[in-house]
Every structure is written in structure tokens, then in C-alpha cells.
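Close look at the chain arrangement
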Amino acid sequence: MTRPLDARVAILLAASSVTVMAGTVVAPALPAMRAHYSSLPDAHMLVVLVMTLPGLVIAVTSPFMGLVADLFGRTRLLVLGLALFVVSGVSGYVLESLPGILVGRALVGLSVACVMTAATALLVDLTEGMARNIVIGQQIAATGVGGLIFPLLAGILAHYDWRASFLVYLLPAVVVPLAWARVKDVVKPAQAPVSSLAEFPVARGIVTYALAVLGMIALYAISLHIPYVLSAMGNSSPILSGSAIGIASFSAAVWSLMFGKLRARFSPVAVVAIS
């Protein structure tokens, strides 16, 4: 199995970092976008969907992506997801109609489901034991760093034109050829098929998923409302909004680097409880 800092792992961490761009990147532009489309019926709700629709699509499609990865190939799914992510993300810059932008946002959610599933599966395939714990922590840290950098860049661009914030989605384009050239599916020894799911801890699984849902609600609630709260306080700068959104992500990145050490000392349940 590969070392935590293997080049393939670095590419997968870079791919993982873009997943946070699904919603938070456009958050600094929301107030200006709402003003632009104020003449449309239900404009406020539709503009909110620009940020939240990708999350909904991720929630609906992610459960099926594991099967798609097994049938289609993890690397193929990763590259396809990254390419779709770039195209659908940048579509918000060129499309004029709000419904058209929402279609692009739905495709962003689909692409993120592809990238998240494929990148995580490949990281698990490439590592084991303590190296896997370290890499998973690095994956969350990479997402946190992306959560700091990308909203800040989007806020700077939105300061000049709210549409320009969508240009941040061009950045992952550099990862597409790297993923295609360097990352390959890992051939693992055949394992006996699971004959029954009777031993699956259903109650613990429900609690785990519930905590994940609450975490995502908190993430989107903060990112969604910060620009409006700052605007109400007289601080309508998209740059300030992007910076505020990025602070929490940067903090998550710092603490995620400690996951390997925490996991070595505490059980998964204890880590969740501490969190």
C-alpha cells in the first residue's frame, strides 16, 4: 500500500478539496445575485437554491455512486466528475437565465457526488492501517483549505461582478489531466461476497448519518446566512463574506490534521463524542 504522501494521494487530495466549492463559492455573490433577479417571482427562494441545490443533488445521488464506481471504474468516475464539475460550475458565468443557472448547479451537485465517492474509494484502496487514518485526516484538511481559499477568491471576484465568482470553478481543470495520467484503479484480491447484512449495526449507522446531516446543515446554514447578516450590519463586501465563510473551513483543516493522532488514542465513537 502507498505512503500517505504518494503523488497519487496528493492528486486525490487536490480533487477532494474542490468538493467544498459546490455551495460555498457562490455564497459571497448571493446578495448581488438576488438584487439582479429581484424582478422575477420568488427570486429570493431561487437565488437561495443556487447555493443549496447542489447539496440536495449530492444527497440524492451519492448513495448510488458507489455502485457506479464499481461498474464504471473509480478513476473514470473521478475524471468524468471533475470535468463535469468544471463545465457545470463555469456555466453560471455564461448563462443569463436563473433557471439555466439552476440546471448547471444541479449538475455541479452530481459531479461532486462522483468526485467525493471516487476520490474517497481510491484513497481507501491505496492505503491501510495508520496510513489510512492519516490520509483521511488529510482529505478533510484539504477540503478545509479549499473552503478557505475558494470562497475568498470568489469574494474578490464578486466584488467586481457577481458572475465572475463562478470563474473559480475553472481551477480544478488542472487536476483533470493529472488524475487521468497518474491515478489508476487498484486491483485488490478477490474477497468472499457478503451473504447477509444482518450484522450491520443499523442503530449506529442511523446515528452516524444523522450526525453527518446535522453537520452539513450547519455548514450550509452558516455559509448561506453570513453574507446577508453582514449586509444587514452594513458590511456588504463580498470579500468580507468570503473571508468569514473561510475561517470555519480553515479551522476544520487545522484540526483534521490531528485526526490520525486522535484516532490512534480514541475509538471512532469517542472521536465523534469529542467532536
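Our subject in this report is the structure included herewith. (Residues numbered from 1 in each chain as written. Predicted model: local features only at pLDDT ≥ 70, side-chain atom pairs only at ≥ 80, totals over all residues. Heavy atoms only, no water.)

**A short note on the packing of aromatic side chains**
In this description, a pair of aromatic rings is defined by centroid distance and the angle of the planes. Defined as follows: Ring pairs shown here join Phe, Tyr and Trp side chains whose ring centres sit within 6.5 Å, with only the six-membered ring taken for Trp; geometry is labelled stacked below 30 degrees between planes, edge-to-face above 60, and tilted in between. Secondary structure elements are defined from DSSP: runs of H or I of at least 4 residues count as helices, runs of E of at least 2 residues count as strands, and each element is numbered from the N terminus. Whether a residue is buried, partly exposed or exposed follows from its accessible area with a 1.4 Å probe, protein chains only, as a fraction of its type maximum: under 20%, in between, or over 50%, in that order.
Counted under the stated rule, the structure contains 3 aromatic pairs. When the ring of Tyr37 is compared with that of Trp162, the centres are 5.8 Å apart and the planes differ by 70 degrees; the resulting orientation is edge-to-face. Of this pair, Tyr37 sits in the loop between helix H2 (30–36) and helix H3 (43–72) while Trp162 sits in the loop between helix H6 (129–160) and helix H7 (175–182), placing them 125 residues apart in sequence. According to the relative accessible area criterion, Tyr37 is buried, its value standing at 5%. Judged by its relative accessible area of 8%, Trp162 is buried. Three or more aromatic residues link up through ring pairs in this structure, and these residues are Tyr37, Trp162 and Phe166.

**Brief notes about the side chain of Ser111**
Stated formally: Contacts are assigned to residue pairs that have any heavy atoms within 4.5 Å of one another.
By the element assignment, Ser111 lies in helix H5 (residues 98–126). Classification of Ser111 as buried rests on a relative accessible area of 0%. Not counting the four nearest positions on each side in its chain, Ser111 is found in contact with Gly81, Leu84, Phe85 and Ser88.

**Structural notes on the environment of Arg265**
Relative to the assigned elements, Arg265 resides in helix H10 (residues 259–265). With a relative accessible area of 71%, Arg265 lands in the exposed category. Sequence separation of Arg265 and Pro63 is 202 residues, and the distance between their C-alpha atoms is 31 Å.

**Considering the pattern of salt bridges**
Put simply, the rule is: One side-chain nitrogen of Lys or Arg within 4 Å of one carboxyl oxygen of Asp or Glu is enough to make a salt bridge.
Under the defined criterion, the tally for this structure stands at 4 salt bridges. A salt bridge links Arg74 to Asp70; its shortest N-O distance comes to 3.2 Å. Across the pair Asp125 and Arg74 runs a salt bridge, and its minimum N-O distance is 2.9 Å. Pair noted here: Asp125 is in helix H5 and Arg74 is in helix H4 (residues 74–94), with a separation of 51 residues, a long-range link. Here the residues in one salt-bridge network are Asp70, Arg74 and Asp125, joined through shared partners.

**Here's the deal with unusual backbone geometry**
One non-glycine residue, Asp42, adopts positive backbone phi at about 55 degrees. Here Asp42 shows up in the loop between H2 and H3.

**Observations concerning the packing of H4 against H5**
How two helices pack is summed up by the angle between their axes together with the distance between the axes. Rules: Each axis is a line fitted through C-alpha atoms, taken for helices only over the stretch in contact, and angles between the N-to-C directions span 0 to 180 degrees. Here the word oblique covers every angle except those under 35 degrees (roughly parallel), over 145 (roughly antiparallel) and from 65 to 115 (roughly perpendicular). Crossing handedness follows the turn of the near helix against the far one: under a right angle anticlockwise gives a left-handed crossing, and clockwise gives a right-handed one. The classification used treats Ala, Val, Leu, Ile, Met, Phe, Trp, Tyr, Cys and Pro as nonpolar, Asp, Glu, Lys and Arg as charged, and all other residues, Gly among them, as polar.
At their nearest, the axes of H4 and H5 sit 7 Å apart, and the two run at 150 degrees to each other. With respect to their mutual orientation, H4 and H5 come out roughly antiparallel. In this structure, the crossing between H4 and H5 has a hand that is left-handed. Each residue belonging to the contact of H4 with H5 can be placed in one class, and the counts come to 16 nonpolar, 8 polar and 2 charged.

**Description of H7**
Operational definition: Note: the arc covers the axis-to-C-beta directions of the helix.
When we look at burial in H7, the residues that qualify are Val175, Val176 and Ala179. When H7 is viewed along its axis, its buried side chains cluster within an angular range of 105 degrees and face the same direction. The inward-facing, buried residues of H7 contact helix H1 (7–17) and H4.

**So, H1**
The cut-off we apply is this: In the analysis that follows, any N or O atom pair within 3.5 Å is treated as a polar contact, provided that within protein one partner can donate a hydrogen and the other can accept it, and provided that, for residues neighboring in sequence, both atoms belong to side chains.
When H1 is considered as a whole, its buried residues turn out to be Val9, Ile11, Leu12, Leu13, Ala15, Ser16 and Ser17. Where H1 is buried, its residues meet H4, H5, H6 and H7. A distance of 2.7 Å separates the backbone nitrogen of Arg8 from a side-chain oxygen at the start of H1, and that oxygen is part of Asp6.

**Digging into the packing of H3 against H4**
Interhelical geometry of H3 versus H4 gives an angle of 115 degrees and a closest axis separation of 6 Å. Contacts from Met65, Val68, Ala69, Asp70 and Phe72 in H3 reach Arg74, Arg76, Leu77 and Leu80 in H4.

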